[in-house]
Amino acid sequence: MNLYGPKQLADSIRSVRRNTVLIAEDIHEDDYLYRPTVGCRSVAEILIHIAFFSSFDYLFHEEEHVTTMEAFDSGQFLRDGESQEKRNHTKSKLIELLRDSGESWAEWVEFLPELFLAE
């Protein structure tokens, strides 16, 4: 028996993403380039990272149909994520990306079969 069904998981994804968007909206666009220290991601890069990595579950389970990490090219996925983080986005574009990626992820999870989630 699962503690959460697909609807509850999707609702949780939407709730967390809604809060992430609220935080992103509260941050002034000039501060999106802020880095707490050299070598750390900027605010914008963190938000892109969040948006990009919400596609991992779908890619791993739906598109690639892999059952182990050994069967997945995680290095390529990480390189793709890093290249996305280096792209220059406006605040409004980043917020749109966060909303769209979060909703896409939630919609996919919402209609997963219970047996799939049990795996």
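Up top you'll find the structure we're talking about.
1. A word on the overall build of the chain
Here is step 1: For the chain, the helix and strand inventory stands at six helices and zero strands.
Here is step 2: Mapped in sequence order, the helices and strands of the chain form the string α-α-α-α-α-α.
Here is step 3: Here the C-alpha coordinates of the chain stretch approximately 45 × 30 × 20 Å along the principal axes.
Here is step 4: Residue burial in the chain is summarised as follows: out of 119 residues, 32% are buried.
Here is step 5: When contacts within the chain are restricted to residue pairs at least 6 apart in sequence, long-range pairs at least 24 apart make up 71% of them.
Here is step 6: Accessible surface computed for the chain: about 8100 Å², of which carbon and sulfur atoms make up 55%.
Here is step 7: Within the chain, the 23 negative side-chain charges are centred at a point lying 6 Å from the centre of the 12 positive side-chain charges.

2. Digging into the side chain of R17
Here is step 1: Structurally, R17 is set in helix 1 (residues 6–26).
Here is step 2: Here R17 occupies a buried position and makes no salt bridge, while the nearest side chain of opposite charge, D100, is found at 9.0 Å.
Here is step 3: Once residues lying within four places of it in the same chain are set aside, the contact partners of R17 are I50, A51, S54, L98, S101, G102 and W105.

3. Comments concerning the nonpolar core
Proteins that are soluble and globular tend to have nonpolar side chains buried together.
Here is step 1: Counting 11 residues, the largest nonpolar core is built from V21, A24, Y32, V43, A44, L47, I48, A51, L94, I95 and L98.
Here is step 2: When sequence neighbours within four positions are dropped, the list of residues in contact with I48 reads Q84, E85, R87, H89 and L94.

4. Observations regarding the packing of helix 1 against helix 2 (residues 43–53)
Here is step 1: Two elements in contact, helix 1 and helix 2, have axes separated by 12 Å at closest approach and are oriented at 160 degrees. The angle between helix 1 and helix 2 falls in the class roughly antiparallel. The two elements helix 1 and helix 2 meet at a crossing, and its hand is left-handed. Contact residues: R17, T20 and A24 in helix 1; L47, I50 and A51 in helix 2.

5. Side note on the pattern of salt bridges
Here is step 1: Applying the stated criterion to the full structure yields seven salt bridges.
Here is step 2: Between D11 and R14 there is a salt bridge, and its shortest N-O distance comes to 3.9 Å. In this pair, D11 and R14 are both assigned in helix 1, three residues apart and thus about one turn of the helix distant.
Here is step 3: Judged by relative accessible area, which is 35%, D11 ranks as partly exposed.
Here is step 4: For the salt bridge of R14 with E110, the shortest nitrogen-to-oxygen distance reads 3.0 Å. In this pair, R14 is assigned in helix 1 and E110 in helix 5 (residues 91–110), connecting sequence segments 96 residues apart.
Here is step 5: Three or more residues are tied together by salt bridges with common partners; here these are K7, D11, R14, E103 and E110.

6. Some remarks on the layout of surface pockets
Here is step 1: Its boundaries defined by the atoms lining it, the largest pocket holds a volume of some 310 Å³.
Here is step 2: Looking at the largest pocket, it is lined by 14 residues, and the ones nearest its centre are H61, W108, F116, L117 and E119.
Here is step 3: Within the residue set of the lining of the largest pocket, elements represented by two or more residues are helix 1, helix 3 (56–63), helix 5 and helix 6 (114–118).
Here is step 4: Here the lining of the largest pocket is composed, by residue class, of nine nonpolar, three polar and two charged.
Here is step 5: Size it by volume and the second largest pocket reaches roughly 170 Å³.
Here is step 6: As for the second largest pocket, its lining consists of 14 residues, and the residues nearest its centre are L33, A44, R87, N88 and H89.
Here is step 7: The set of elements that each furnish at least two residues to the lining of the second largest pocket consists of helix 2 and helix 4 (74–86).
Here is step 8: Counting residues per element, the lining of the second largest pocket draws most heavily on helix 2, which supplies three residues.
Here is step 9: For the lining of the second largest pocket, a count of residues per class yields five nonpolar, three polar and six charged.

The rules behind these values
Residues numbered from 1 in each chain as written. Predicted model: local features only at pLDDT ≥ 70, side-chain atom pairs only at ≥ 80, totals over all residues. Heavy atoms only, no water. Helix = DSSP H or I, 4+ residues; strand = E, 2+ residues; numbered from the N terminus. Buried < 20%, exposed > 50% of the residue type's maximum accessible area, 1.4 Å probe, protein only. Contact = heavy atoms within 4.5 Å. Areas by Shrake-Rupley, 256 points an atom, 1.4 Å probe, with all protein chains shown as cover. Lys, Arg positive; Asp, Glu negative; His and termini not counted. Charge placed at Lys NZ, Arg CZ, Asp CG, Glu CD. Salt bridge = Lys/Arg side-chain N within 4 Å of Asp/Glu carboxyl O. Core = buried A, V, L, I, M, F, W, Y, C linked by side-chain atoms within 4.5 Å. Axes fitted to C-alpha atoms, helices over the stretch in contact; angles between N-to-C directions. Parallel < 35°, antiparallel > 145°, perpendicular 65-115°, else oblique. Left-handed = near helix turned anticlockwise from the far one by under 90°. 1 Å grid on protein atoms, 1.4 Å probe; cavity = no way out; pocket = protein on both sides within 12 Å on 5 of 7 lines; lining within 4 Å. Points joined across faces, edges and corners; volume = space filled by probe spheres on them. Nonpolar A, V, L, I, M, F, W, Y, C, P; charged D, E, K, R; others polar.

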